[in-house]
Amino acid sequence: MKPVKVGICGLGTVGGGTLNVLKRNAEEITRRAGRGIEIAQIAIRSPKPQYDTTGITMTSDVFELVNNPEIDIVIELIGGYTLAKELVLKAIDNGKHVVTANKALIAVHGNEIFAKAREKGVIVAFEAAVAGGIPVIKAIREGLSANRINWLAGIINGTGNFILTEMREKGRAFEDVLKEAQALGYAEADPTFDVEGIDAAHKLTILASIAFGIPLQFDKAYTEGITKLTTADVNYAEALGYRIKHLGVARRTEAGIELRVHPTLIPADRLIANVNGVMNAVMVNGDAVGSTLYYGAGAGMEPTASAVVADLVDVVRALTTDPTNRVPHLAFQPDSLSDHPILPIEECESAYYLRIQAKDHPGVLAQVASILSERGINIESIMQKEVEEQDGLVPMILVTHRVVEARIIEAIAAMEALDGVTSPVMRLRVEQLN
């Protein structure tokens, strides 16, 4: 069979890695795909001398590539929303298959893109959009297809995980570690997407859709960042037997789907609590298989390229398959997607870590306990750090049992109104992840 011709849009970190892997492993990839894969054209704004593009047609116009009749598969690696969406939809209109690593594009515009792809009978593959080189989308969509997925939880942003690891292991402040992350290239000059949970929410939206068979609904994902965390909170969590991770959680409940990204206390003996540095991990719980963990490099040139090329191989294998018999983009047949609602954060349930800065006066703890008791919130553990008294204030740390968030919000408001409490109560969620 004649080789499949592909075009690469973007030759940045992932594009360069994809080019290198396709060239280096060409023979092995051909054996797996069943036919050769040839890079026919690359679209890039300016030449990249560090990459060998000998024999490949180059262009600075992505639409020249997308409209090239010789190209069978378009690999979109430019990122962002606007131009990427335009070129992907144009490629689909032209009857070309698409491979992308663009999680923002899929999370926000995926419903429209997949509908267009079904109409045209083409594939849009996006394994590289979530957790870099970890094949977690394939695992959920195919390997766990016998299961009713109960929940999944993931460390799916390496920047945030690097920062929290450094804070725990070396006692460093958030701002200090963030500057190092930027210097090392782990964080952008504007780190908002990483540290405020937006990047993780893009990825969680995709995972939840595949796990539960629901439309992509990024606008309903709850996001909370790690910028307010202190080394004290990290140390208190450790003393209580927990680690703090910036976690994405999607959980099926009778009322609807929880879809949330936030700092989370996890028992220190859980495998996912020991995922450190820039590494990623996703834990998936199914009714038949129980809990499974997928771990590896969540970003980087060749780890992400590994996922891009794996998608490319899948598309090549499927080129002769009847489009109606292919694996659905979001795991479930398009006419079988569920209308389960995404729950607002106030209706989600979790246990909580509370840090209260209170005056060293008798009765404050009793008042706090009374506030929680009146709202049906049980205390699992409590720690008071008199030795850390500053300006007459003593940190009081509580861990509660599971409760609906609306109740904890009400309880915190009541605590902050007490005479002895002088600053906002720090609240973090706790997940056992059994």
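Residues numbered from 1 in each chain as written. Predicted model: local features only at pLDDT ≥ 70, side-chain atom pairs only at ≥ 80, totals over all residues. Heavy atoms only, no water.

1. A closer look at the overall build of the protein
Link 1 in the chain: On a plain count of helices and strands, the protein comes out with 14 helices and 17 strands.
Link 2 in the chain: Among the 434 residues that make up the protein, the fraction classed as buried is 54%.
Link 3 in the chain: Expressed as a percentage of contacts within the protein between residues at least 6 apart in sequence, the contacts between residues at least 24 apart total 73%.
Link 4 in the chain: Counting every atom, the protein has about 18200 Å² of accessible surface; 49% of that belongs to carbon and sulfur.
Link 5 in the chain: Of the side chains in the protein, 42 bear a positive and 54 a negative charge, and the two mean positions are spaced by 5 Å. (Helix = DSSP H or I, 4+ residues; strand = E, 2+ residues; numbered from the N terminus. Buried < 20%, exposed > 50% of the residue type's maximum accessible area, 1.4 Å probe, protein only. Contact = heavy atoms within 4.5 Å. Areas by Shrake-Rupley, 256 points an atom, 1.4 Å probe, with all protein chains shown as cover. Lys, Arg positive; Asp, Glu negative; His and termini not counted. Charge placed at Lys NZ, Arg CZ, Asp CG, Glu CD.)

2. As for unusual backbone geometry
Link 1 in the chain: Notably, A131 is not glycine yet its phi reads approximately 60°, a positive angle.
Link 2 in the chain: Among the residues examined, A131 registers a relative accessible area of 1% and is labelled buried.
Link 3 in the chain: Unusually for a residue other than glycine, L433 sits at a positive phi of about 50°.
Link 4 in the chain: One can find L433 in the segment after β17 (426–430).
Link 5 in the chain: Classification of L433 by relative accessible area gives buried; the value is 4%.

3. What about the nonpolar core?
Link 1 in the chain: Counting residues in each nonpolar core, the largest one holds 56 residues, and the members touching the most others are V136 and I206.
Link 2 in the chain: The dominant element in this core, judged by the number of residues it contributes, is helix α10 (residues 198–212), at 9 residues.
Link 3 in the chain: When residues of this core are sorted by domain, at least three fall in each of domain 1 (4–133 + 301–319) and domain 2 (144–297).
Link 4 in the chain: Other than its neighbours up to four places away in sequence, V136 contacts E127, V130, A131, L207, V282 and Y294.
Link 5 in the chain: With 33 residues, the next largest nonpolar core counts I37, I42, A125 and A128 among its residues. (Core = buried A, V, L, I, M, F, W, Y, C linked by side-chain atoms within 4.5 Å. Domains from an automatic or database assignment.)

4. Some points on the pattern of salt bridges
Link 1 in the chain: In total, this model carries 32 salt bridges according to the counting rule given.
Link 2 in the chain: For D93, the salt bridge identified is with K116, shortest N-O distance 3.7 Å. Taken together, the residues D93 in helix α4 (residues 82–93) and K116 in helix α5 (residues 103–120) connect sequence positions 23 residues apart.
Link 3 in the chain: On the basis of relative accessible area, D93 is assigned to the partly exposed category, the value being 37%.
Link 4 in the chain: Note that D176 and R172 form a salt bridge whose closest N and O atoms lie 2.9 Å from each other.
Link 5 in the chain: Owing to a relative accessible area of 38%, D176 belongs among the partly exposed residues under this scheme.
Link 6 in the chain: By sharing partners, the salt bridges in this structure join R251, E258, R260, E349, R402 and E431 into a single network. (Salt bridge = Lys/Arg side-chain N within 4 Å of Asp/Glu carboxyl O.)

5. A short note on the domain arrangement of the protein
Link 1 in the chain: Per the domain assignment, the segments making up the protein are domain 1 (4–133 + 301–319), domain 2 (144–297) and domain 3 (345–430).
Link 2 in the chain: Between domain 1 and domain 3, the C-alpha centre-to-centre distance is 51 Å.

6. Topic: helix α7 (residues 158–170)
Link 1 in the chain: In this model α7 runs 18 Å from its N-terminal to its C-terminal C-alpha over 13 residues, within 8% of the 18 Å that 1.5 Å per residue would give.
Link 2 in the chain: The element α7 is largely enclosed, with a buried count of 10 among its 13 residues.
Link 3 in the chain: Among the residues of α7, those classed as buried are G158, T159, G160, N161, F162, I163, L164, T165, E166 and M167.
Link 4 in the chain: Close packing links the buried residues of α7 with β7 (149–155), α8 (174–183), α9 (192–195), α11 (231–239), β9 (242–252) and β11 (279–286).
Link 5 in the chain: N-cap assignment for α7: the residue whose side-chain oxygen lies 3.2 Å from the backbone N of T159 is N157.
Link 6 in the chain: Among the residues trailing α7, G171 stands out with phi positive, at a value near 65°. (Expected span 1.5 Å × (residues − 1). Polar contact = N/O pair within 3.5 Å; in protein donor to acceptor, adjacent residues only side chain to side chain.)

7. Section: the sheet that holds strand β1 (residues 4–9)
Link 1 in the chain: Across the sheet, 6 strands lie side by side as β3-β2-β1-β4-β5-β6; this open sheet has parallel pairing. Sheet topology places β3 (57–59) and β6 (124–125) at the edges, where each strand pairs with a single neighbour.
Link 2 in the chain: Pairing between strand β2 (residues 37–43) and β3: 3 bridges, direction parallel. Bridge pairing in β3 places Q41 opposite T57.
Link 3 in the chain: Relative to β2, helix α1 (residues 13–24) is tilted by about 155°, and along the sheet it contacts β1, β2 and β4 (73–76). (Pairing = 2+ DSSP bridges. Axes fitted to C-alpha atoms, helices over the stretch in contact; angles between N-to-C directions.)

8. Focus on a nonpolar patch on the surface
Link 1 in the chain: Nonpolar side chains collect at one region of the surface, where L184, Y186 and V278 lie side by side and expose about 240 Å² of accessible area between them.
Link 2 in the chain: With respect to the helices and strands, Y186 occurs in the loop between α8 and α9.
Link 3 in the chain: A relative accessible area of 36% places Y186 in the partly exposed class. (Patch = residues over 30% accessible without salt bridge, like charges linked within 9 Å, V, L, I, M, F, W, Y side chains within 5 Å.)

9. Here's the deal with helix α12 (residues 301–318)
Link 1 in the chain: Its 18 residues place the ends of α12 26 Å apart at the C-alpha level, agreeing with the 26 Å of an ideal helix rising 1.5 Å per residue.
Link 2 in the chain: When α12 is considered as a whole, its buried residues turn out to be T304, A305, A307, V308, V309, D311, L312, V313, V315, V316 and A318.

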